[in-house]
Amino acid sequence: MDITIKVYEKDKKTVKKECKADTVDLEFGTVRRLMALFDYKNLDNATLLSLIFEEWNDLVSILSEAFPDMENDDWDHVKMKELLIVIKNIAVVAIKDMLSIPTDPKN
């Protein structure tokens, strides 16, 4: 799954740049920190939005690992409705990747 985040100009319409998530290389610690922020079983958009505001600094740190091309100031120009989708997609990809890990005890 391609996960892209858009950074907008001050006019809020023009896309300044797009950054792709480096989800293939997400470390377990990054995924664990993201999952620790959210109770993914009961996650709806209102709850997610509330958690984003409460945990903003940690979330930016985590997302910066997933989006290495994002600069600190870029986060100020990301639309919240798009950010919600990105966070959910990263969580989905991370969970799918963990579920696809072989469990053969011989490995």
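Use the structure listed above.
Residues numbered from 1 in each chain as written. Predicted model: local features only at pLDDT ≥ 70, side-chain atom pairs only at ≥ 80, totals over all residues. Heavy atoms only, no water.

Caption draft 1: Focus on the overall build of the chain. What the chain contains, in helices and strands, is 4 helices and 2 strands. Of the contacts formed within the chain by residues at least 6 apart in sequence, a portion of 66% connects residues at least 24 apart. For the chain, the accessible area works out to roughly 7200 Å², and carbon and sulfur atoms hold 50% of it. (Helix = DSSP H or I, 4+ residues; strand = E, 2+ residues; numbered from the N terminus. Contact = heavy atoms within 4.5 Å. Areas by Shrake-Rupley, 256 points an atom, 1.4 Å probe, with all protein chains shown as cover.)

Caption draft 2: Spatial organisation of the packing of aromatic side chains. Under the defined criterion, the tally for this structure stands at 1 aromatic pair. Relative to W75, the ring of F67 has its centre 6.3 Å away and its plane inclined at 80°; by these criteria the two rings are edge-to-face. Assessed through its relative accessible area of 0%, F67 is described here as buried. Judged by relative accessible area, which is 4%, W75 ranks as buried. In this structure, K79 is placed above the aromatic ring of Y8, and the distance from its NZ or CZ to the ring centre is 4.2 Å. (Phe/Tyr/Trp six-rings, centres within 6.5 Å; stacked < 30°, edge-to-face > 60°. Buried < 20%, exposed > 50% of the residue type's maximum accessible area, 1.4 Å probe, protein only. Lys NZ or Arg CZ within 6 Å of the ring centre and 35° of its normal.)

Caption draft 3: Quick look at the environment of V31. Considering the arrangement of structural elements, one finds V31 in helix α1 (residues 28-37). Residue V31 is classed as buried on the basis of its relative accessible area, which comes to 9%. When the C-alpha positions of V31 and A66 are compared, they lie 9.5 Å apart, and in sequence the two are 35 residues distant.

Caption draft 4: Focus on the environment of D58. Within the secondary structure, D58 sits in helix α3 (residues 56-66). Remark: the alpha-carbon pair of D58 and L34, spanning 24 residues in sequence, is separated by 8.7 Å.

Caption draft 5: Fine view of α3. For α3, the complete set of buried residues consists of L59, V60, I62, L63 and A66. Down the axis of α3, the sector holding all buried residues measures 165°, keeping them to one side. (Arc of directions from axis to C-beta.)

Caption draft 6: Region of the structure containing the pattern of salt bridges. Under the definition given, this model contains 2 salt bridges. D74 is the salt-bridge partner of K17, the closest N and O atoms lying 2.6 Å from each other. Here K17, found in strand β2 (residues 15-20), pairs with D74, found in the loop between α3 and α4 (80-99); they are 57 residues apart in sequence, far enough to count as distant. (Salt bridge = Lys/Arg side-chain N within 4 Å of Asp/Glu carboxyl O.)

Caption draft 7: Main features of a negative patch on the surface. On the surface, D22, D69, E71, D73 and D76 cluster together to form a negatively charged patch. Among the secondary structure elements, E71 is positioned in the loop between α3 and α4. In this structure E71 comes out as exposed when scored by relative accessible area, which is 51%. (Patch = residues over 30% accessible without salt bridge, like charges linked within 9 Å, V, L, I, M, F, W, Y side chains within 5 Å. Lys, Arg positive; Asp, Glu negative; His and termini not counted. Charge placed at Lys NZ, Arg CZ, Asp CG, Glu CD.)

Caption draft 8: The nonpolar core, seen in detail. Ranked by size, the top nonpolar core spans 26 residues in total, and within it I5, L63, F67, M70, W75 and I90 carry the most contacts. Sorting elements by how many residues they give to this core places α4 first, with 8 residues. Excluding residues that lie within four positions of it along the chain, I5 makes contacts with K17, E18, C19, F67, M70, W75, V78, L83 and V86. (Core = buried A, V, L, I, M, F, W, Y, C linked by side-chain atoms within 4.5 Å.)

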